[in-house]
Amino acid sequence: MQETKEIFCNVCGKSLKVENDILKEDAFEARKQWGYFSKKDATVHSFTICEDCYDNMVEQFAIPPEVTEVTEY
Ligand SMILES: [Zn+2]
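Residues numbered from 1 in each chain as written. Predicted model: local features only at pLDDT ≥ 70, side-chain atom pairs only at ≥ 80, totals over all residues. Heavy atoms only, no water.

A closer look at the coordination of the zinc ion
Okay, so step 1: The protein atoms that coordinate the zinc ion are Cys9 (SG), Cys12 (SG), Cys50 (SG) and Cys53 (SG), at distances spanning 2.3 Å.
Okay, so step 2: The coordination sphere of the zinc ion comprises four donor atoms, whose angles at the metal cover 103 to 119°; the geometry is tetrahedral.
Okay, so step 3: Sequence positions of the donors to the zinc ion reduce to the motif C-x2-C-x37-C-x2-C.
Okay, so step 4: With relative accessibility at 2%, the residue Cys9 sits in the buried group. (Donors = N, O, S within 2.8 Å, 3.2 Å for Na, K, Ca; no water. Tetrahedral: all angles 85-135°; square planar, octahedral: opposite > 155°, others 65-115°. Buried < 20%, exposed > 50% of the residue type's maximum accessible area, 1.4 Å probe, protein only.)

Encoded structure:
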């Protein structure tokens, strides 16, 4: 049984290519389970951001994200 789930960029709404549940177009996938000290206690927030929107988002950062090279693939 093959389930095709469409994934959209949460920022711009564009649909991302998904084949057999694998994102064929690389995107930033975020998932956060909020804990006791937040106002969102016991909820999980998740969203996907396409590469273009990711670049735009990161440009707004006061401190850029840490980038480490992957040595083992
Ligand atoms: Zn986007």
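Read on for the rest.
Examining the packing of aromatic side chains
Okay, so step 1: Under the definition given, this model contains two aromatic pairs.
Okay, so step 2: Ring centres 5.3 Å apart and planes at 85° place the aromatic pair Tyr36 and Phe37 in the edge-to-face group. Of the two residues examined, Tyr36 and Phe37, each falls in the exposed class.
Okay, so step 3: Between the NZ or CZ atom of Lys32 and the centre of the ring of Trp34, over which it lies, the distance is 5.4 Å.
Okay, so step 4: Over the face of the ring belonging to Trp34 we find Lys40, whose NZ or CZ atom lies 4.5 Å from the ring centre. (Phe/Tyr/Trp six-rings, centres within 6.5 Å; stacked < 30°, edge-to-face > 60°. Lys NZ or Arg CZ within 6 Å of the ring centre and 35° of its normal.)

Here's the deal with the environment of Lys24
Okay, so step 1: Here Lys24 shows up in the loop between β4 (22–23) and β5 (27–33).
Okay, so step 2: Residues contacting Lys24, with those up to four places away along its chain left out, are Lys17, Val18 and Glu19. (Helix = DSSP H or I, 4+ residues; strand = E, 2+ residues; numbered from the N terminus. Contact = heavy atoms within 4.5 Å.)

Here's the deal with the environment of Val58
Okay, so step 1: Along the chain, Val58 turns up in helix α1 (residues 51–59).
Okay, so step 2: For the pair Val58 and Val70, spaced 12 residues apart in sequence, the C-alpha separation works out to 20 Å.

Some remarks on a negative patch on the surface
Okay, so step 1: On the surface, a cluster of negative charge is made up of Asp26, Glu29, Glu51, Asp52, Asp55 and Glu59.
Okay, so step 2: It is α1 that provides the largest number of residues to the negative patch, a total of four residues.
Okay, so step 3: Relative to the helices and strands, Glu29 resides in strand β5. (Patch = residues over 30% accessible without salt bridge, like charges linked within 9 Å, V, L, I, M, F, W, Y side chains within 5 Å. Areas by Shrake-Rupley, 256 points an atom, 1.4 Å probe, with all protein chains shown as cover. Salt bridge = Lys/Arg side-chain N within 4 Å of Asp/Glu carboxyl O. Lys, Arg positive; Asp, Glu negative; His and termini not counted. Charge placed at Lys NZ, Arg CZ, Asp CG, Glu CD.)

Re the pattern of salt bridges
Oppositely charged side chains can form a pair if their charged atoms are brought close together.
Okay, so step 1: This model, assessed by the stated rule, comprises two salt bridges.
Okay, so step 2: Where Glu19 meets Lys24, a salt bridge forms, and the shortest distance between an N and an O atom there is 3.8 Å.

Some thoughts on unusual backbone geometry
Okay, so step 1: Unusually for a residue other than glycine, Ala42 sits at a positive phi of about 70°.
Okay, so step 2: As for its placement among the helices and strands, Ala42 is situated in the loop between β5 and β6 (44–50).

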